[in-house]
Every structure is written in C-alpha cells, then in structure tokens.
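If you want the building blocks of each chain, they are given just below.
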Amino acid sequence: METNSGMHIFLIGMPGSGKSTIGKKLADKLGYPFLDLDEVIVEREGQTIAAVFERHGQEYFRAAEAAALRSLESIATGLVVATGGGTPCFLDNMVYMQKQGLTVYLQVSVNKLLERFTEEELSIRPLLQNKSDVELLTYLTETLAHREQFYKKAQEVIETGSIPLETTVAALEKRILPYLSQQKRRSVS
Ligand code: S3P
C-alpha cells in the first residue's frame, strides 16, 4: 500500500466505461479514498442527477459539476475520483484536472459499452434515457467521437473493454505508481 501523495487521480471516460467499478478497486489497492463526482453533486444539490437535469437543465448541471470538481481542491488527501462521462468536455474541466492531478482515460468501444448497459443503468442516466436501440447507438457513437478530443488529452490512456477487470486494475496501478512517487518527491523537496 502506498503512502498518500496528496495527488488526486481522475478517471475519465464514457458512461459505462467502468470508472466507478475500476476506481473503487484501484483505490483499495493504493489505499486511497474513492469518490464519485456524481455523488458529490447529489450531496451538494440535495437531489438526484436525474432531478437536476429535469428541473434545471444541462447547463445548470454542468455548472454544478464544475463547482463540485473544484471543491475537491481543498481535500489534502489524494483521492481516486470517478468523474462523470461529460466532465472533461465542459468549462475547462480537463485542463483543470490535468493541473490538479493525474488524468486517466478508460477507453472502451461503443459496442462494449452497449453490451454492458442494463435497463436500470440506462434509466438513471438522463442523457441515455428513453432511447431506442438505434438512437442509443447513434448517441454513443456521436458523443464518443466528440468527447475523445478531450479524453485523449489524459496523461494515461488504458483500453479496458476487452480485458478482465483485475488485469485492468493491476495495469493501471503499475502505470500510476511512478506519478505518485514523483509527486511525493516534489512535496518533500
Ligand atoms: C453524464 C454522465 C453521468 C452523469 C450525468 C451526465 C454524461 O455520469 O454525470 O448523467 O454527460 O455522459 P456517468 O459517466 O458516471 O454515467
């Protein structure tokens, strides 16, 4: 287990790319606390993500998301953060995360994403709700094509769709450890 370096690790990628599942396991391995940015928004807003979208619209949600992200700056302990699928693509959040910590893109193809979504998972995600199979395929394809210009700026990109979860987590840990020890050296000197 690592001593905490104080640097946040931001996992980015499409809804269904495994940011929360992989994030929790990675956090356990590193001995870092895990945080889901959507849960921070829910707590700060006092309502579900679906309710925020429904009552206030996407623009309000993006502002709340950017504010929730920036609120993590005051936490001195390094965290593993599962961001929302759209987080890196609005309000300079990607540049902000790159300055604040380490960004890791969990890359998954649209076909794999489609295989993973259950009805329940679709129902809690306002942008994926009430779509036919064709509409969902079109939405995910177009959204991924647009978002990759942001996602691919991540310091680390890892393809996670076709390998077992534990292998992904182990590979991620290996890639992340050098950043954490570098950060520790920086804070000591
Ligand atoms: C969103 C993804 C969601 C959540 C919100 C918007 C998006 O998070 O932040 O519904 O823009 O793709 P997940 O990626 O955890 O589903």
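How each quantity is defined
Residues numbered from 1 in each chain as written. Predicted model: local features only at pLDDT ≥ 70, side-chain atom pairs only at ≥ 80, totals over all residues. Heavy atoms only, no water. Helix = DSSP H or I, 4+ residues; strand = E, 2+ residues; numbered from the N terminus. Buried < 20%, exposed > 50% of the residue type's maximum accessible area, 1.4 Å probe, protein only. Pairing = 2+ DSSP bridges. Axes fitted to C-alpha atoms, helices over the stretch in contact; angles between N-to-C directions. Near = heavy atom within 4 Å. Polar contact = N/O pair within 3.5 Å; in protein donor to acceptor, adjacent residues only side chain to side chain. Areas by Shrake-Rupley, 256 points an atom, 1.4 Å probe, with all protein chains shown as cover. Nonpolar A, V, L, I, M, F, W, Y, C, P; charged D, E, K, R; others polar.

Draft legend 1. Local environment of unusual backbone geometry. Notably, Leu-91 is not glycine yet its phi reads approximately 50 degrees, a positive angle. By the element assignment, Leu-91 lies in the loop between strand E3 (80-82) and helix H5 (93-100). A positive phi angle is found at Asp-92, which is not glycine, with a value near 60 degrees. Tracing the backbone shows Asp-92 in the loop between E3 and H5. Accessibility expressed as a relative area gives 59% for Asp-92, which makes it exposed.

Draft legend 2. Structural view of the sheet that holds E3. Read across the sheet, five strands follow the order E2-E3-E1-E4-E5 without closing on themselves; strand pairing throughout is parallel. The sheet is open, and its two edges are formed by strand E2 (34-36) and strand E5 (156-159), each paired on a single side. Looking at each pair of strands side by side, their axes are set apart by 25 degrees on average, direction ignored. Examined bridge by bridge, strand E1 (residues 8-12) and strand E4 (residues 101-107) share five bridges and lie parallel to one another. Paired with Leu-11 across the bridge in E4 is Val-104.

Draft legend 3. Geometry of the site of the ligand. In the vicinity of the ligand, 13 residues are found, and the nearest of them are Lys-19, Arg-62, Gly-85, Arg-125 and Arg-147. In the model, an oxygen atom of the ligand is placed 2.8 Å from a nitrogen or oxygen of the Asp-38 side chain. One of the backbone nitrogen or oxygen atoms of Gly-85 is found 2.8 Å away from an oxygen atom of the ligand. Protein contact buries 94% of the 390 Å² of open area that the ligand shows by itself. For the shell around the ligand, a count of residues per class yields five nonpolar, three polar and five charged.

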